[in-house]
Amino acid sequence: MKQFQLDNRRHEMLEALYAKSGRAHLPKGDPLRSTYTGLWQEFCQDLGPNFRDTDYEQLHADVCQAMDDTGSVMTAKQAHQAIATCRRHLLGKWA
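In this text the structure is predicted, and so the values were computed from the model without any measurement.

Participant: Mind showing me how you'd approach the side chain of Arg 23 here?
Facilitator: As for its placement among the helices and strands, Arg 23 is situated in the loop between α1 (3–21) and α2 (39–53). Classification of Arg 23 as buried rests on a relative accessible area of 4%. Reaching out from Arg 23, the side chain makes a polar contact with the backbone oxygen of Thr 37 at a distance of 2.9 Å. Those residues in contact with Arg 23 that lie beyond four places of it in its chain are Tyr 18, Leu 32, Arg 33, Ser 34, Thr 35, Tyr 36, Thr 37, Gly 38, Leu 39 and Glu 42.

In structure tokens, the structure reads:
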């Protein structure tokens, strides 16, 4: 990926994080309102525990349900593969 593409993705990611953070709805005068300060760190602090505490049996069931519309008898196996692939990509060297 080219540098400008990476920069665009980073910008889009921060915009999405800001939208989900609720910072736009903080009271006027709150130091985090309308800022991105510490947003990435806040996201990273949540990400680790979310991965650690994820109920993978429930995740598997949810992925199977989402994939079930295909009617494939391979849904359960494909769901395991999808989850493993996502983990490798998201965890990088930590996978």
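What follows continues from the structure just given.
Participant: Is there a simple way to think about the environment of Tyr 18 in this case?
Facilitator: Its location among the elements puts Tyr 18 in helix α1. Separated by 14 residues in sequence, Tyr 18 and Leu 32 place their C-alpha atoms 10 Å apart.

Participant: For this particular structure, what's the right way to read the pattern of salt bridges?
Facilitator: When the charged atoms of two side chains lie near each other, side chains of opposite charge can form a pair. On inspection of all chains with the given rule, the structure shows three salt bridges. For Glu 42, the salt bridge goes to Arg 23, with nearest N and O atoms at 3.1 Å. Of the two residues, Glu 42 sits in helix α2 while Arg 23 sits in the loop between α1 and α2, which places them 19 residues apart along the sequence. The shortest N-O distance in the salt bridge between Arg 52 and Asp 53 comes to 2.8 Å. Looking at Arg 52, the relative accessible area reads 62%, which means it is exposed.

Participant: Can you walk me through the packing of aromatic side chains in this structure?
Facilitator: Inspection of the entire model under this criterion finds two aromatic pairs. Ring centres of Tyr 18 and Tyr 36 lie 5.0 Å apart, and the angle between their planes is 35 degrees; this geometry places the pair in the tilted category. Here the residue Tyr 18 occupies a position in helix α1, and Tyr 36 occupies one in the loop between α1 and α2, the gap between them amounting to 18 residues. Its relative accessible area of 34% is what places Tyr 36 among the partly exposed residues. An angle of 40 degrees between the planes, with centres 5.3 Å apart, marks the rings of Trp 40 and Phe 43 as tilted. Separated by three residues within a single helix, Trp 40 and Phe 43 lie in helix α2, roughly one turn from each other. By relative accessible area, which is 42% here, Trp 40 ends up partly exposed. Classification of Phe 43 by relative accessible area gives partly exposed; the value is 25%.

Criteria and thresholds
- Residues numbered from 1 in each chain as written.
- Predicted model: local features only at pLDDT ≥ 70, side-chain atom pairs only at ≥ 80, totals over all residues.
- Heavy atoms only, no water.
- Helix = DSSP H or I, 4+ residues; strand = E, 2+ residues; numbered from the N terminus.
- Buried < 20%, exposed > 50% of the residue type's maximum accessible area, 1.4 Å probe, protein only.
- Polar contact = N/O pair within 3.5 Å; in protein donor to acceptor, adjacent residues only side chain to side chain.
- Contact = heavy atoms within 4.5 Å.
- Salt bridge = Lys/Arg side-chain N within 4 Å of Asp/Glu carboxyl O.
- Phe/Tyr/Trp six-rings, centres within 6.5 Å; stacked < 30°, edge-to-face > 60°.

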